[in-house]
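# Residue-level structural notes
So the chains spell out like this:
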Amino acid sequence: MAVSLKKLEEQILVITGATSGIGLATARQAADRGARLIVAARDESALQTLVEELRQRGADAVYAVADVGDPDQVHDIAETGIHHFGGFDTWINNAGVSLFGYMTDQPLEDQRRLFDTDFWGVVHGSLEAARHLGLRAERHGGAIINLGSVVSDRAIPLQGIYSASKHAIKGFTDALRMELEDLGAPVSVTLVKPGSIATPFPHHAGNHMDVEPTLPPPLYEPDVVAKAILHCAEHPQRDLRVGGASKGIAMLGHLAPRLADRIMRRSMIPQQQSDQAPQNIGGLHRPAPGVWQRAEFDHPVASRSRYTQASMHPALTATAIAGAVLGIAALTGTARRKRY
């Protein structure tokens, strides 16, 4: 079913997890492009600061304090949009948190909390958006954009429960897409799958290691993901990867799963452990404080992804394939260096 989406400057966007990382970058870019915004997170003080900034950028913005693990609070996000703007056009399920360490060392309480936010938060937001955009008599259509990950396709050690939640998000998103198409709902459903992004993500995670978590290279700026998300808000797309390594890792896992296991074990475990003491900033059981988009890492951070750019423009498919191959080469090269 063909779905037509509005230009961004004509849209009202809901963004969950809007006060940090990818959500914050997306809110800022959307504001600069003229969209109206409903931003949601758990920390009201951070939301107030963000809305003030977005209004200074010229955007019409409001906030909703919500824990996406609670369906009633997610419903309140929708009601905020309906009350202030008469509705919304795109719902971006971005809120998420990770949990680092061996799964045998993690309390079940932490693992369940992660799923409440990362998986059930996406379910609650997607169903709320689907009912508003495509299943009511006055339906006007729109987009649901869910944040998956490279680990939606290939699990990694030390983030096993996070990987499981992103696998679940992929399954849910694919099934929702088919069901809405069968119901004739004019709603685009997209799964965005970033690789490592230079956000406060590891600092906000639950941590059961003796050191502060970090992310493996290659890393990309949060703005690269934000640009991809907003592209999907205007152009219906089934899924979109951010970073050639994301495609490369998925291809390797599919074509040579045991080889991928060995590479992941040798490279991903040391590359997710920094030499710093744990900071315990918060983000799993309590809101992460402040408005924080970009964190610092020891590795270089790319300001663009040619693979993703090519994926958004089908005429550049050859470039996308080349980017995926380079992603595999980079991963295997890293594993080789770690071994020797």
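Everything numeric here is computed off the predicted structure, so don't read it as measured data.

Reading the values: rules and limits
Residues numbered from 1 in each chain as written. Predicted model: local features only at pLDDT ≥ 70, side-chain atom pairs only at ≥ 80, totals over all residues. Heavy atoms only, no water. Helix = DSSP H or I, 4+ residues; strand = E, 2+ residues; numbered from the N terminus. Expected span 1.5 Å × (residues − 1). Buried < 20%, exposed > 50% of the residue type's maximum accessible area, 1.4 Å probe, protein only. Pairing = 2+ DSSP bridges. Contact = heavy atoms within 4.5 Å. Axes fitted to C-alpha atoms, helices over the stretch in contact; angles between N-to-C directions. Parallel < 35°, antiparallel > 145°, perpendicular 65-115°, else oblique. Nonpolar A, V, L, I, M, F, W, Y, C, P; charged D, E, K, R; others polar.

Attention now goes to helix 8 (residues 222-234). Taking 1.5 Å as the rise per residue, helix 8 with 13 residues should run 18 Å; its terminal C-alpha atoms sit 19 Å apart, in good agreement. Among the 13 residues in helix 8, 11 count as buried, and that is most of the element.

To continue, consider the sheet that holds strand 10 (residues 219-220). Within the open sheet, the three strands sit side by side as 8-10-12. Their pairing is parallel. Since the sheet does not close on itself, it has two edges, and those belong to strand 8 (196-197) and strand 12 (301-302), each with one partner. Where strand 8 and strand 10 come together, two bridges link them in parallel fashion. Its bridge partner lying in strand 10, Ser 196 is registered against Leu 219.

Let us look at the environment of Leu 24. Relative to the assigned elements, Leu 24 resides in helix 1 (residues 21-32). The class of Leu 24 is buried, set by a relative accessible area of 0%. Considered as a pair, Leu 24 and Ser 165 are 141 residues apart in the sequence and their alpha carbons are 22 Å apart. Those residues in contact with Leu 24 that lie beyond four places of it in its chain are Gly 17, Ala 18, Thr 19, Leu 50, Val 291, Trp 292 and Gln 293.

For the rest of this paragraph, the subject is the packing of helix 4 (residues 108-118) against helix 5 (residues 120-134). Orientation of helix 4 relative to helix 5, taken along the N-to-C sense of each, is 20°, at an axis distance of 3 Å. With respect to helix 5, the element helix 4 is oriented roughly parallel. Judged by residue contacts, Phe 115, Asp 116, Thr 117 and Asp 118 of helix 4 engage Trp 120, Gly 121 and Val 122 from helix 5. Residues belonging to the contact of helix 4 with helix 5 are distributed by class as follows: three nonpolar, two polar and two charged.

Bear in mind that shape data such as this cannot, by itself, settle questions of function.
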